[in-house]
Amino acid sequence: MSLISVISALHRANLTPTARELAEAIWLARYAPASVLGAEAAAPVGGPDQDSDGGADTETDDLSAAHAAGAPLGVPGSSPAGSRMTGRPVRLPEAPGLTGGRDLQHAVRPLRRRVPSHRRLTFDENATVAFIASTGLWLPVQRPAPERWFEVALVVDTSPSMALWRVAAAELHTLLSGTGAFRDVRTWYLDPAKGGVAATPSGPGRDPRELVDGAGRRLFLVLTDGGARGWHDGTCLRTLTGWAHRCPAAVLQTLPEQMWSRTGLPVLGARLHAAAAGLPNTRLRTTFPRRRPRRTPEVPIPVLGVEPTALGSLARLLAGTATGVPLAIAADRVPTAGQETPAAWVQAGDELGRFRASASPEAYQLAVCLSAVPLTLPVMRLVRHAAVPASTTSALAEVLLGGLLVRTGQDSYEFLPGVREGLRGELRRSEEIAVRAAVSGYIEDNAGRRGQTFAGIIAAAEGEPAAVAGGELAPVPAEVTTRLGLPDVPDTSPAEVGGPADQMANEGIEESYSRSERRRFSRRNDAQAPYFFLSYAHIPGLAEDGRTDPNRWVAKLFRDLVDEILQLTTVRGPEQAGFMDYELRSGVRWADQLSEALATCRVFVPLYSPRYFSSEACGKEWSAFARRLPVPADEENRMGAIIPALWAPLPELDSIPRVAREIQFDHETLGPRYREEGFYGLMKARSRRLHYQRAVDVLAKRIIQVAERDPAPLGEPADFVNLPSAFHDPDTGAALRSSVPRISMTIVALDLSRLSSGQQSRPYGRTPLEWHPFPEGRPLASYAVDAALQHGYALEVGSLDDQVEYLTRDKKPDTPSVVVVDPWAVQDARLWQSLRRLCETASRPLPVVVWNTNDALLGRAENELSARLREAIPELPGAPAATHVTSLAAFQRELPRILYSAVARYLRSAPSHPPTDSGKPSLMDPAQDDN
């Protein structure tokens, strides 16, 4: 048995001996009994003390035999300038970029916990039964659904030195997603020069503050080597500090620890203490094992290697299961002009000698092995994984940044003059064979499997040389070639390096990585992206039943469009055909679902009407969709994914916002009746039925055409509540006057400055608007804003201190009003007096009292507080009675009725202005032609 056969057999058995272990095994084989070894082992095998030249002929024969038995394999684009090779492009299996993946998954297990969701509700069977039994009303009770505690923002540095870690970043994303510890894992890309972030490596920059989660439940992990200039001058650290003020944040340093002091991220040894779980970095306490340094960072940001022990320490700190955790933190760095990047760390001269003196043993062993192969990033990763399994990717980073290499292409390198020869002199012939055999064995075992691949070239004919810079990569058996993508029948036109086939093979790591990202997004697009989003102006409800809901005509148009799309396409259901918020209920986070739909829909269909352009919500919907569109020189092409439809006749064209005037919306093919009356006019008259059906058919086909051929690119959900309206005047910046009914809501609650001794501080914030009496929910004011927007109202929320003078003035308020009361607030004398004064007015607001029945302290004081509430909100003739809600689900359920009741009560006492013209309008001109 030849040496190369022995090594290949060991790798197929998942055994990865070191060079010393292999040499000892061969030496022992010389003295083992023949009965143990078998007949093949009877021949003596040279021991390690044998002269290297004595076995050279045998080893050369072994290598020649391997060449004859297999097909030579090379890497395109790695040959020296002027040299050419012929071959066929193949895809070779990529080696893993991370080591210890399973241990990394185990390390984050402390973060696997569930908390009540802020976004989703679930049916509470027991609470529903209790509610029905106590009230006799057959209504469901919902509670926040449990969800995973944290979501992760994996931020990847895009500096050139991080090219080695692209595959590792993708694997880290997959690994974190598969732990079951996080509800969402998203990858972002950091531009170290500007400190901005983007959704793709080459995408448009965004403000890093957009990534901050207000609830503090997003964990930022920044993957970097700290070598870019932005880390040296503090640009990146300022971005990271901004995240760390509101959320937990840490740096995953890709380089070995002994190199951290030479980067733009020097560290200090410290111990971090957390008083509770899930705290942002600003609330961590730092102690130092030795004397406190003179310069300490304002915000402690942990810096840890990509290895299980450090990641586990961070997870225990965030979970609150450990304190005094030893972790390195980023030190304050004084910006230095002309700071060098990692490529310039090593001075000119004896590069190999300096590298040998400073590198780790694993890095030096890897450098020696790399001297036998072409130097591209995929090949170097493959050699590290297959031939030097004891090393990590950090060891490969040492080689790349150790001053031995010069970059010759996007992902290709070459040793400095004389370095390859010096390293090759330390690589014995048997070791070179072992390296090539290990690479060949990995390719043979993984060829044709799913996963990342990189470009390779295999000889067009058996035995034909495929020399590339640094020598060929490895021979592979002939039976493996079909699994690599090479057909059994050879092509008569072999590819040449430098031609089209070479360009295809030279896609490299970045193209492979971008294809995997596109596949991931395309799966998301197929599963979630509706063909169109129907944007329309909500008309406030006239009654609580759906029979008189004026928005039912829009809902009918939506259903007709969905039916048409289902008939003409292969979409699986109505939810993939279109989206309309008509079915959303106030019990869900309406703004979040709306933002998700606007970020994924393929086409945006606004229904033009006079009310549409005065609606703040419609302007926000337009703005959320338009921010996804590219910005080419041709503005018309940019807006191709916006297909307007006319709902009701518009006044003069100059009266609508400029952003809408720039889009053609009359649709000649929809017919003249449509242009004159819009969809609403066609739907209301039976004589227009054929015109309506024709317009729906044409619009549906246009939506399908754009959705399938040129859809809007996917985006990220926007903060809908704080999004500016697209209908603001572009010249003055002022918003168009809104005709949406306004409602005033006054919050009567304590804040942190008014708490009495012994009272819980958890439900309160700096202002009464931050009051959140239910631990599973957010402030009640935000739920009220969501419900108002959904039902076509504009809600103005303020505290009692801010609004009491306006609401109690002699003149009647010009808006309906609601007052939401915290029972504890009546213990504050000033708030009690203001509330009583407000409720004694003739235009008294509709009062709502919110009780948390799970609050034991509130339960003990219920009788006292109820008496104080009856004094502050007396029962007066004609005045609305107080509504009492006892849970978050009840508050969400009652909100629509409360808002409607406030508007109806206001309208009953509002002054009327009848028309002065007593003439009866004609419903239809008899001379009008219906054709």
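This is a predicted model, so every value here is computed, not measured. (Residues numbered from 1 in each chain as written. Predicted model: local features only at pLDDT ≥ 70, side-chain atom pairs only at ≥ 80, totals over all residues. Heavy atoms only, no water.)

Here the focus is the overall build of the chain. When you go through the chain residue by residue, the secondary structure sums to 32 helices and 27 strands. When burial is assessed residue by residue, the chain has 50% of its 931 residues classed as buried. The long-range fraction of contacts in the chain, counting pairs at least 24 apart against all pairs at least 6 apart in sequence, stands at 78%. (Helix = DSSP H or I, 4+ residues; strand = E, 2+ residues; numbered from the N terminus. Buried < 20%, exposed > 50% of the residue type's maximum accessible area, 1.4 Å probe, protein only. Contact = heavy atoms within 4.5 Å.)

Look at helix 29 (residues 829–839) against helix 31 (residues 862–872): their axes get within 8 Å of each other, and the N-to-C directions meet at 45 degrees. With respect to each other, helix 29 and helix 31 are oriented oblique. Contacts between helix 29 and helix 31 involve Trp832, Leu835, Arg836 and Cys839 on the former and, on the latter, Arg868, Glu871 and Ala872. Partitioned by chemical class, the residues of the contact of helix 29 with helix 31 number 4 nonpolar, no polar and 3 charged. (Axes fitted to C-alpha atoms, helices over the stretch in contact; angles between N-to-C directions. Parallel < 35°, antiparallel > 145°, perpendicular 65-115°, else oblique. Nonpolar A, V, L, I, M, F, W, Y, C, P; charged D, E, K, R; others polar.)

The subject of this paragraph is the environment of Pro768. Topologically, Pro768 is positioned in the loop between strand 23 (742–748) and helix 27 (780–790). Residue class for Pro768 comes out buried when judged on its relative accessible area of 10%. A sequence separation of 32 residues divides Pro768 from Leu800, and the C-alpha atoms of the two residues are 8.5 Å apart.

All right, on to the pairing of strand 5 (residues 150–157) then. Most of strand 5 sits out of view: 8 of its 8 residues are buried. Residues Phe150, Val152, Leu154 and Val156 of strand 5 are buried on one face, and the alternating residues Glu151, Ala153, Val155 and Asp157, pointing to the opposite face, are buried as well. Crossover handedness for the path strand 5 to helix 7 (residues 166–177) to strand 6 (residues 182–191): right-handed. As defined by bridge partners, strand 5 adjoins strand 8 (residues 218–224) across 6 bridges and the pair is classed as parallel. Within strand 8, the residue paired with Val155 across the bridge is Val222. (Right-handed = clockwise from strand over helix to strand, strands pointing away. Pairing = 2+ DSSP bridges.)

For the rest of this paragraph, the subject is the packing of helix 12 (residues 361–370) against helix 13 (residues 377–386). Packing of helix 12 against helix 13 leaves a shortest axis separation of 10 Å and a crossing angle of 120 degrees. What the angle tells us is that helix 12 and helix 13 run oblique. For helix 12 against helix 13, the interelement crossing comes out right-handed. Here Leu366, Cys369 and Leu370 of helix 12 come into contact with helix 13, specifically with Met380, Val383 and Arg384. Partitioning the contact of helix 12 with helix 13 into residue classes produces 5 nonpolar, no polar and 1 charged. (Left-handed = near helix turned anticlockwise from the far one by under 90°.)

Sheets are built from strands that pair by backbone hydrogen bonding, the pairs being arranged parallel or antiparallel. Reading across from one edge, 7-6-5-8-9-12-13-10-11 is the order of the 9 strands in this open sheet, with mixed pairing throughout. Either end of the sheet is taken by a strand with one partner, and the two such strands are strand 7 (196–198) and strand 11 (285–287). Within this sheet the neighbouring strands show an average axis-to-axis angle of 40 degrees, counted without direction. Taken together, the 3 bridges between strand 10 (residues 267–273) and strand 11 define a ladder with antiparallel strand orientation. Paired with Leu272 across the strands is Thr286, a residue of strand 11. Packed on one face of the sheet, helix 10 (residues 308–319) meets strand 8, strand 9 (249–253), strand 10, strand 12 (302–305) and strand 13 (325–330) and runs near 100 degrees to strand 13.

Turning our eyes to something else, we now look at the pattern of salt bridges. One pass over the full model with this rule turns up 23 salt bridges. Glu210 serves as the salt-bridge partner of Arg627, at 3.9 Å between the closest nitrogen and oxygen. You can see Arg627 sitting in the loop between helix 22 (616–626) and helix 23 (635–638) and its partner Glu210 sitting in the loop between strand 7 and strand 8, a full 417 residues away along the chain. For Arg627, a relative accessible area of 41% puts it in the partly exposed group. (Salt bridge = Lys/Arg side-chain N within 4 Å of Asp/Glu carboxyl O.)

So, on to the sheet that holds strand 20 (residues 578–579). Taken together, the 4 strands give an open sheet; going across it, the order is 20-19-21-22, and neighbouring strands pair in parallel fashion. For this open sheet the edge positions go to strand 20 and strand 22 (645–646), each flanked by a neighbour on one side alone. Taken together, the 2 bridges between strand 21 (residues 603–608) and strand 22 define a ladder with parallel strand orientation. Counted as the bridge partner of Tyr608 is Leu646 from strand 22. Helix 19 (residues 552–568) rests against strand 19 (532–535), strand 20 and strand 21 of the sheet, and its axis sits at about 165 degrees to strand 19. Sheet strands touched by helix 26 (residues 689–709): strand 19, strand 21 and strand 22. Its angle to strand 21, the strand with the most contacts, is close to 150 degrees.

One finds Leu111, Phe182, Leu221, Leu370, Val383 and Leu473 to be the most contacted residues of the largest nonpolar core, which totals 111 residues. When neighbours within four sequence positions are excluded, Phe182 is seen to be in contact with Val108, Leu111, Arg148, Phe150, Glu151, Val152, Leu176 and Leu219. Residues Phe558, Val562, Ile565 and Ala577 belong to the second largest nonpolar core, which totals 64 residues. (Core = buried A, V, L, I, M, F, W, Y, C linked by side-chain atoms within 4.5 Å.)

Turning next to the environment of Thr853. Turning to its location among the elements, Thr853 is positioned in the loop between strand 26 (846–850) and helix 30 (856–860). With relative accessibility at 57%, the residue Thr853 sits in the exposed group. Separated by 33 residues in sequence, Thr853 and Thr886 have C-alpha atoms that sit 6.0 Å apart.

Attention shifts here to the environment of Val75. By secondary structure assignment, the location of Val75 is in the loop between strand 1 (70–74) and strand 2 (86–93). For the pair formed by Val75 and Val373, sequence separation is 298 residues and the distance between their alpha carbons is 9.7 Å.

Time to look at the confidence of the model for the chain. For the chain, per-residue confidence averages 75 on the pLDDT scale, and residues scoring 70 or more make up 74% of the total. A low-confidence stretch, residues 730–739 stays under pLDDT 50, and its non-local contacts, those more than four residues away or across chains, total 13 contacts. Low pLDDT, under 50, characterises residues 922–931; the stretch is placed with 10 contacts to residues that sit more than four places away or in other chains. (pLDDT = per-residue confidence, 0-100.)

Considering all chains together, one arrives at 19 aromatic pairs under this definition. A centroid spacing of 6.5 Å and a plane angle of 80 degrees characterise the contact between Trp553 and Tyr680, whose relative ring orientation is edge-to-face. Residue Trp553 is located in helix 19, and its partner Tyr680 is located in helix 25 (residues 672–684); the two are separated by 127 residues in the primary sequence. Judged by its relative accessible area of 32%, Tyr680 falls in the partly exposed class. Ring pairing ties together the aromatic residues Phe533, Phe579, Phe604, Tyr608, Tyr612, Phe613, Trp622, Phe625 and Phe727, which thus form one cluster. The ring of Trp149 has Arg113 sitting right over it, with the charged end atom 4.4 Å from the ring centre. One residue, Arg868, lies across the ring of Trp832, its end atom 4.7 Å from the ring centre. (Phe/Tyr/Trp six-rings, centres within 6.5 Å; stacked < 30°, edge-to-face > 60°. Lys NZ or Arg CZ within 6 Å of the ring centre and 35° of its normal.)

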